[in-house]
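The residues making up each chain are set out below.
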Amino acid sequence: STPVAIFCALTKAAISGLLLKGGDYIETLSGIKTVAFDKTGTITRGEFTVTDFSVVDDISIETLLYWVSSIESKSSHPMAAALVEYGMSRSVRPIPENVENFDNFAGEGVFGRIDGKDIYIGNRRIGARADSKRVDCHLQFQSHEISSPKQYCGPTLVGVFSLVDTCRSGALEAIEQLKLLGVRSVLLTGDSTQAAMYVHSQLNHLLDIVHAELLPVEKAVIIENWKKDGLTAMIGDGINDAPALATADIGISMGISGSALANETGNAILMSNDIQKIPEAIRLARKTTRKLI
Ligand code: ADP
Ligand code: MG
């Protein structure tokens, strides 16, 4: 009977690494029209490497790296780890105790005061924040993937980092499978348009829509809109994705690298971190519900 079929499907999904927090989600998965993916840590590994570092102002590289790595050592963002690592590779040791007033701006970056300097590190939004303060000692770094530093220049800009991250193996296959199932794939990211378009090209331009430079709440608003057009799933690694995961008809958090908060928020956990399990689960759910009718 129905509960048995649902139970079998839940078990199969669990064995493949997708833990669903209830049988109702089999029904939801079977009718999914849109799958929205977070970029960093979901489509990509979330393991950044610093590929370029340039100083715009006449500050020494070592001093800048010391400030950056000390502030970033207080952040749990994947980019932060890469910046600390980069400092270490150049023999710069972070001293987190020297950082005062540390603050995290979700989807933007971080702030900290060190050696009497107020320093913002992050994207264009953080740049605007630093510039709006109009204080001389505000320093600003911009982290981004493949793009030219010039476009971000503002009065407080003192250094530019370039970071690269790579797509998870199986990401392209997952998008291809969703396409075969007639399911729309959407990319949601707080990262720059260039970084988002780079990932899009790595996925053979198979994504249906790419949304970049989003704040966490804006991701939730976009999910809300997709829901008007049918059942919508959101897959996120959890750092900043909690609102979007909670808004979706089914919120799936990436298990191993995802934060505990996301695991609380989501309706499912992808333990294997293998996003090919998403189209597989939709196929399984469709088969299961067809049997029930
Ligand atoms: P995504 O949506 O891709 O998961 P996030 O919302 O976590 O991205 O972050 C969006 C952007 O904010 C990053 O691409 C980066 O430019 C900036 N950012 C966030 N946290 C940090 C940090 N600790 N250091 C530097 N930049 C950061
Ligand atoms: Mg994220």
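Everything below is about the structure printed above this text.
Let me begin by describing the structure that accompanies this report.

Thresholds, definitions, all that
Residues numbered from 1 in each chain as written. Chains lettered and ligands numbered in written order. Predicted model: local features only at pLDDT ≥ 70, side-chain atom pairs only at ≥ 80, totals over all residues. Helix = DSSP H or I, 4+ residues; strand = E, 2+ residues; numbered from the N terminus. Contact = placed C-beta atoms within 7 Å. Near = placed C-beta within 6 Å. Nonpolar A, V, L, I, M, F, W, Y, C, P; charged D, E, K, R; others polar. Domains from an automatic or database assignment. Core = buried A, V, L, I, M, F, W, Y, C linked by C-beta atoms within 7 Å. Buried ≥ 20, exposed ≤ 12 C-beta atoms within 10 Å, placed from the backbone. Expected span 1.5 Å × (residues − 1). Arc of directions from axis to C-beta. Pairing = 2+ DSSP bridges. Axes fitted to C-alpha atoms, helices over the stretch in contact; angles between N-to-C directions. Parallel < 35°, antiparallel > 145°, perpendicular 65-115°, else oblique. Left-handed = near helix turned anticlockwise from the far one by under 90°.

### Regarding the overall build of the protein chain
Next up, step 1: Each helix and strand in the protein chain was counted, giving twelve helices and 13 strands.
Next up, step 2: Contacts in the protein chain between residues at least 24 apart in sequence constitute 58% of all its contacts with a sequence separation of at least 6.

### Points about the site of ligand 1
Next up, step 1: Lining the immediate environment of ligand 1, one finds 21 residues, of which T40, H77, N123, G190 and D191 sit closest.
Next up, step 2: Those elements that place two or more of their residues in the shell around ligand 1 are helix 3 (39-43), helix 5 (78-89), strand 5 (109-114) and strand 6 (117-122).
Next up, step 3: Of the residues assigned to the shell around ligand 1, the class counts are five nonpolar, eleven polar and five charged.
Next up, step 4: Counting only domains with at least three residues in the shell around ligand 1, you end up with domain 1 (2-45 + 168-292) and domain 2 (49-164).

### Things to note about the nonpolar core
Next up, step 1: V35, A233 and M234 are the most contacted members of the largest nonpolar core, which has 51 residues in total.
Next up, step 2: If you tally residues by element for this core, the top one is helix 12 (residues 277-292), at five residues.
Next up, step 3: By size, the runner-up hydrophobic cluster in this structure holds 25 residues, among which are W67, M79, I119 and F161.

### Quick word on helix 9 (residues 216-227)
Next up, step 1: Given a rise of 1.5 Å per residue, twelve residues ought to cover 16 Å, and the 17 Å separating the end C-alpha atoms of helix 9 matches this to within 8%.
Next up, step 2: For helix 9, the complete set of buried residues consists of K219, A220, I222, I223 and W226. Around the axis of helix 9, the buried residues are gathered within 160° of arc, so they sit on the same side.
Next up, step 3: Residues of helix 9 that are buried in the fold lie against strand 2 (32-38), strand 9 (184-188), strand 10 (209-211), strand 11 (231-236) and helix 10 (242-247).

### Topic: the pairing of strand 11
Next up, step 1: Taking burial as the measure, the six residues of strand 11 include five buried ones, the bulk of the element.
Next up, step 2: Bridge count between strand 2 and strand 11: five bridges; the pairing is parallel. Its bridge partner being in strand 11, A36 is matched across the sheet by M234.
Next up, step 3: Examined bridge by bridge, strand 11 and strand 12 (residues 250-254) share four bridges and lie parallel to one another. Bridged to G236 within strand 12 is S253.

### Considerations on the packing of helix 4 (residues 61-72) against helix 5
Next up, step 1: For the pair helix 4 and helix 5, the least separation of the axes is 8 Å and the interaxial angle reads 140°. With respect to their mutual orientation, helix 4 and helix 5 come out oblique. For helix 4 against helix 5, the interelement crossing comes out left-handed. On the side of helix 4, the interface is formed by L65, V68, S69 and E72, while helix 5 contributes A80, L83, V84 and G87.
Next up, step 2: For the contact of helix 4 with helix 5, the residue count by class is five nonpolar, two polar and one charged.

### Some thoughts on unusual backbone geometry
One can expect most non-glycine residues to show negative phi and most peptide bonds to be in trans.
Next up, step 1: Its identity is not glycine, yet N204 carries a phi of approximately 55°, on the positive side.
Next up, step 2: The exposed category is assigned to N204, around which 10 C-beta atoms lie within 10 Å.
Next up, step 3: Notably, E213 is not glycine yet its phi reads approximately 55°, a positive angle.
Next up, step 4: Mapped onto the fold, E213 is located in the loop between strand 10 and helix 9.

### A closer look at helix 8 (residues 193-202)
Next up, step 1: Taken as a whole, helix 8 has its buried residues at A195, A196, Y198, V199 and H200.
Next up, step 2: Of the residues one or two after helix 8, N204 is the one with positive phi, at around 55°.

### What to know about the environment of A281
Next up, step 1: Along the chain, the position of A281 falls in helix 12.
Next up, step 2: For A281, a count of 27 C-beta atoms within 10 Å corresponds to the buried category.
Next up, step 3: Sequence spacing of A281 and S16 is 265 residues, and the spatial spacing of their C-alpha atoms is 8.8 Å.
Next up, step 4: In this structure, A281 is in contact with A13, L18 and L29, ignoring residues within four places of it in sequence.

### Thoughts on the sheet that holds strand 9
Next up, step 1: Across the sheet, seven strands lie side by side as 1-13-12-11-2-9-10; this open sheet has mixed pairing. Strands with a single pairing partner mark the edges of an open sheet, and in this sheet they are strand 1 (18-20) and strand 10. Taking the axes of each pair of neighbouring strands and ignoring which way they run, one obtains an average angle of 20° across the sheet.
Next up, step 2: Sheet topology note: the strand 9/strand 10 ladder contains three bridges and is parallel. When the bridges of strand 10 are listed, V186 appears paired with I209.

### A closer look at the environment of N240
Next up, step 1: Secondary-structure assignment places N240 in the loop between strand 11 and helix 10.
Next up, step 2: N240 sits 134 residues away from A106 along the chain, and the two C-alpha atoms are 6.3 Å apart.

Scope: geometric values only; no functional claims are made or implied.
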